[in-house]
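# Structural overview for review
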Amino acid sequence: LYAAYPLDERWTLGLSVNVPFGLGSKYDEDWVGRYHAVKSKLFSVAATPTVAYRPVSWLTLGGGFSAQYIHAELTNAVDFGTIGTLLEQRTGASLPIAPEPGAQDGKAKVEGDDIGFGLVLGAIAEPLPGTRLGVSYRSQISQSIKGDADFDLGTSGMGAIVSAATGQFVDTGARASLTTPTTVSLGLSQAIGSDLTLLGDVQWTDWSQFDELRIDFDNPAQAASVTTQNWSDTWFASVGAAYRLNEQWTLRAGAAFDQSPVPNNDRTPRIPDSDRYWLSAGVSWAPWQDWTFDLGYSHIFLEDTEVDLSTSGAGNATRGNLSANYESQINIIAVAARVAF
């Protein structure tokens, strides 16, 4: 949702409510990599009130504060058979039930949310008629996600034995730190005649501060869950065009390269991401003077990727090794309506 209200010729108030970050992945609960990931979900909503000021006719400056809500949910299977085997090896005692690695599973679920605050800044300049340059800055937002960790010990009895012997895998509070990245964008719009507009955009995102996913538990017996990430800063670049057929119809098309922050050596099944290539097309229809309806379609090609995790690389010997190949593609359909009053 985006809204703008001009106070006079120089000052304008604005408000945006959008989803700046989000992801989801879900696997069958019995898949081979279930100890690394089953369900991963991150949902965010940001409300950003802004104010813009036009000091001269060709320049507009803007800024505001963003309140960002984040909800996260992570689930995975727990291999109580392997944990029981390691417990027997460490203590030298036999457990009441014989451990069977990979056959005595339980489940773990961590869920939490938080609200954080950040800053947005921007400027639009029109140095020549038909030429518009825009720059925007969105600050990083530090989130302290707090919630609960719930454990299902399974039906084999091994989970209950391990929990009683170690004090672990008991429902408890959980917390994690997440910093959504700084982004800086530069855009260009160039009118060619009265009907054609060429468009370009580049964006830099500071993903390199995301080096690990660490979940700490209130239960002192429960060791922290740590997954190495080592993400890298990324670039996004796009080109496009808009062609005005008549007063009611406008056609749009474009292409983009979207660099992935995920390194090959630390890719996980939660986010098996790769570089993306976008092809997009859309149409705008303005049936009445103050109303415009938009329809857009994007197809995203993703490079084939591999996940190759060893017990040492995963940070937890009970997760096991995982080697997987991914082939992915994405289709997006978007609709929007704009009204002026």
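In the block above lies the structure referred to throughout.
Residues numbered from 1 in each chain as written. Predicted model: local features only at pLDDT ≥ 70, side-chain atom pairs only at ≥ 80, totals over all residues. Heavy atoms only, no water.

## Brief notes about the overall build of the protein chain
- Per the secondary structure count, the protein chain includes three helices and 20 strands.
- Every one of the 341 residues in the protein chain was classed for burial, and the buried ones make up 37%.
- For the protein chain, contacts bridging at least 24 residues in sequence account for 66% of all contacts bridging at least 6.
- Here the protein chain has roughly 19100 Å² of accessible surface; of this, 58% comes from carbon and sulfur atoms.
- Taking the 21 positively charged and 38 negatively charged side chains of the protein chain as two groups, their mean positions are separated by 5 Å. (Helix = DSSP H or I, 4+ residues; strand = E, 2+ residues; numbered from the N terminus. Buried < 20%, exposed > 50% of the residue type's maximum accessible area, 1.4 Å probe, protein only. Contact = heavy atoms within 4.5 Å. Areas by Shrake-Rupley, 256 points an atom, 1.4 Å probe, with all protein chains shown as cover. Lys, Arg positive; Asp, Glu negative; His and termini not counted. Charge placed at Lys NZ, Arg CZ, Asp CG, Glu CD.)

## Description of the packing of helix α1 (residues 80–91) against helix α2 (residues 158–166)
- For the pair α1 and α2, the least separation of the axes is 9 Å and the interaxial angle reads 45°. Taken together, the axes of α1 and α2 lie oblique to each other. By crossing handedness, the relation of α1 to α2 is classed as left-handed. Along its contact with α1, which presents F80, G81, I83, G84 and L87, the element α2 presents M158, G159, V162, A165 and T166.
- For the contact of α1 with α2, the residue count by class is six nonpolar, four polar and no charged. (Axes fitted to C-alpha atoms, helices over the stretch in contact; angles between N-to-C directions. Parallel < 35°, antiparallel > 145°, perpendicular 65-115°, else oblique. Left-handed = near helix turned anticlockwise from the far one by under 90°. Nonpolar A, V, L, I, M, F, W, Y, C, P; charged D, E, K, R; others polar.)

## Re the pairing of strand β8 (residues 141–152)
- Two elements, strand β6 (residues 105–128) and β8, share seven bridges in a ladder whose sense is antiparallel. From the neighbouring strand, D113 faces β8, where its bridge partner is K146.
- Pairing of β8 with strand β9 (residues 172–180) involves nine bridges; the strand directions are antiparallel. Counted as the bridge partner of S142 is T179 from β9. (Pairing = 2+ DSSP bridges.)

## Examining a nonpolar patch on the surface
- Together, F65, L119, L121, V135, Y137, V184, L186, V202 and W235 make up an exposed nonpolar region whose accessible area comes to about 790 Å².
- Mapped onto the nonpolar patch, the elements with two or more residues apiece are β6, β7 (131–138) and β10 (183–192).
- Secondary-structure assignment places V184 in strand β10.
- Taking the relative accessible area as the measure of exposure, V184 reaches 31% and is therefore partly exposed. (Patch = residues over 30% accessible without salt bridge, like charges linked within 9 Å, V, L, I, M, F, W, Y side chains within 5 Å. Salt bridge = Lys/Arg side-chain N within 4 Å of Asp/Glu carboxyl O.)

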